[in-house]
Amino acid sequence: MKVKFKAFAQFSLVALLAAACTSDPDSAGLEYMPDMYRSPAIEPYVDYGEVRGQINDELKMRRSAMVPPRYAIPYMGTDSATVHTLLPYHRMPGRLFAASHGLYQYDLSSNADADYEYKMAAADVNPLKLTSKEVADKIFAEGKALYQINCNHCHGEKGDGEGPMVKSGAYSGAAVLSGLAIKEGQMFYSIYYGKNMMGAHASLLNKKEIWTLVHYVRKFQDAKYGTFDANGVPAWGSMAQAPDTTM
């Protein structure tokens, strides 16, 4: 009886090994319970229009992840200043932004002047205040990290409009940031909704991160921006006032 069981076990092992073999060198062969290590779950932000060589035109470029409800506010703790900074942006994109920048799900400005909201944004001020060297250094460090990820490839390390994408010839028209003659509120508007060839970053960065970037970009315009003298007095002009509650 033991001999028969041993022979059966050997035969089963050989059969299993043979079944696992395949002529395709890229195939894993027979997989035992693949769901244990290869999740069959739908993944977010994956194009399921092509799965294992099969094309499904109805699913092409359709995002599988659910998006938050419109005007949802991210939970960022209980600090009122931080929470207020993340409230929905009160300025609307121009009436042409749906066609020019793909903002089809946004409420567009009804003003006949397509640049009306952009012009009004000149009155907006940065709610993140450079109240000391330590605060400024922290904001600039965060701004540099955000700039390297989101801006450097086009605008360049020094804001000269000579980023890798421009130098390669793949893209042209990146703004020279040191020469921008616009207000900080207009900088925010441009990053949030896009400007000319630059796409909207509203889905990539929250408002606090964009305002942090605005501080960093202003450094390109004025080397003294965000610096303090020995007495702790701002060297670039009058110190900004308390956070603006209209943002």
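Calculation notes
Residues numbered from 1 in each chain as written. Predicted model: local features only at pLDDT ≥ 70, side-chain atom pairs only at ≥ 80, totals over all residues. Heavy atoms only, no water. Helix = DSSP H or I, 4+ residues; strand = E, 2+ residues; numbered from the N terminus. Buried < 20%, exposed > 50% of the residue type's maximum accessible area, 1.4 Å probe, protein only. Areas by Shrake-Rupley, 256 points an atom, 1.4 Å probe, with all protein chains shown as cover. Phe/Tyr/Trp six-rings, centres within 6.5 Å; stacked < 30°, edge-to-face > 60°. Lys NZ or Arg CZ within 6 Å of the ring centre and 35° of its normal. pLDDT = per-residue confidence, 0-100. Contact = heavy atoms within 4.5 Å. Salt bridge = Lys/Arg side-chain N within 4 Å of Asp/Glu carboxyl O. Core = buried A, V, L, I, M, F, W, Y, C linked by side-chain atoms within 4.5 Å. Expected span 1.5 Å × (residues − 1). Arc of directions from axis to C-beta.

J.: How would you sum up the overall build of the chain? Please name residues and give values.
T.: Per the secondary structure count, the chain includes nine helices and two strands. Moving toward the C terminus, one meets the helices and strands of the chain in the order α-β-β-α-α-α-α-α-α-α-α. Of all 247 residues assigned to the chain, the portion counted as buried reaches 29%. When the accessible surface of the chain is totalled, it reaches about 16700 Å², and 59% of it is carbon and sulfur.

J.: How would you summarise the packing of aromatic side chains if you had to cite specific residues and measurements?
T.: In total, this model carries 18 aromatic pairs according to the counting rule given. Each ring, one from Phe-97 and one from Tyr-193, has its centre 6.3 Å from the other, and the planes form 75°; the classification is edge-to-face. Of the two residues, Phe-97 sits in helix H3 (residues 97–101) while Tyr-193 sits in helix H8 (residues 184–193), which places them 96 residues apart along the sequence. Here Tyr-193 falls in the buried class, since its relative accessible area comes to 4%. Geometrically, the ring pair formed by Tyr-225 and Trp-236 is edge-to-face, given 5.4 Å between the ring centres and 65° between the ring planes. Within this pair, whereas Tyr-225 is found in the segment after helix H9 (207–221), its partner Trp-236 is found in the segment after H9, the two being separated by 11 residues in sequence. In this structure an aromatic cluster arises from ring pairing among Tyr-89, Phe-97, Tyr-106, Tyr-118, Phe-188, Tyr-189, Tyr-192, Tyr-193 and Trp-211. The ring of Tyr-118 has Lys-195 sitting right over it, with the charged end atom 3.8 Å from the ring centre.

J.: Could you give an account of the confidence of the model for the chain, naming the residues involved and the relevant values?
T.: Chain-level pLDDT for the chain is 81 on average; 75% of the residues reach the 70-or-more range. Note on residues 238–247: pLDDT is under 50 here. Beyond four places in sequence and across chains, it has 21 contacts.

J.: Run through the pattern of salt bridges, naming residues and quoting values.
T.: Evaluation of the coordinates by the stated rule reveals five salt bridges. Across the pair Asp-137 and Lys-133 runs a salt bridge, and its minimum N-O distance is 2.7 Å. Of this pair, Asp-137 and Lys-133 both sit in helix H5 (residues 133–150), four residues apart, which is roughly one turn of that helix. For Asp-137, a relative accessible area of 38% puts it in the partly exposed group.

J.: Give a detailed account of the nonpolar core, specifying residues and quantitative values.
T.: A general feature of soluble globular proteins is that nonpolar side chains tend to end up buried together. The biggest cluster of nonpolar side chains holds 31 residues, and the ones touching the most others in it are Tyr-89, Tyr-147, Phe-188, Tyr-189, Tyr-192, Tyr-193 and Leu-213. No other element matches H9, which puts seven residues into this core. Residues within four places of Tyr-89 in sequence aside, it is in contact with Ala-121, Asp-124, Gly-185, Phe-188, Tyr-189, Tyr-192, Tyr-193 and Lys-207.

J.: Could you give an account of H5, naming the residues involved and the relevant values?
T.: The end-to-end C-alpha distance of H5, which contains 18 residues, comes to 25 Å, matching closely the 26 Å that a straight helix rising 1.5 Å per residue would cover. Residues Ala-136, Ile-139, Phe-140, Gly-143, Leu-146, Tyr-147 and Asn-150 constitute the buried set of H5. Mapping the buried residues of H5 onto a view down its axis gives an arc of 130°, with all of them on the same face. Opposite its buried face, H5 presents the exposed residues Glu-134, Lys-138 and Ile-149, each directed more than 90 degrees away. Tucked into the core, H5 has its buried residues touching helix H6 (152–155) and H9.

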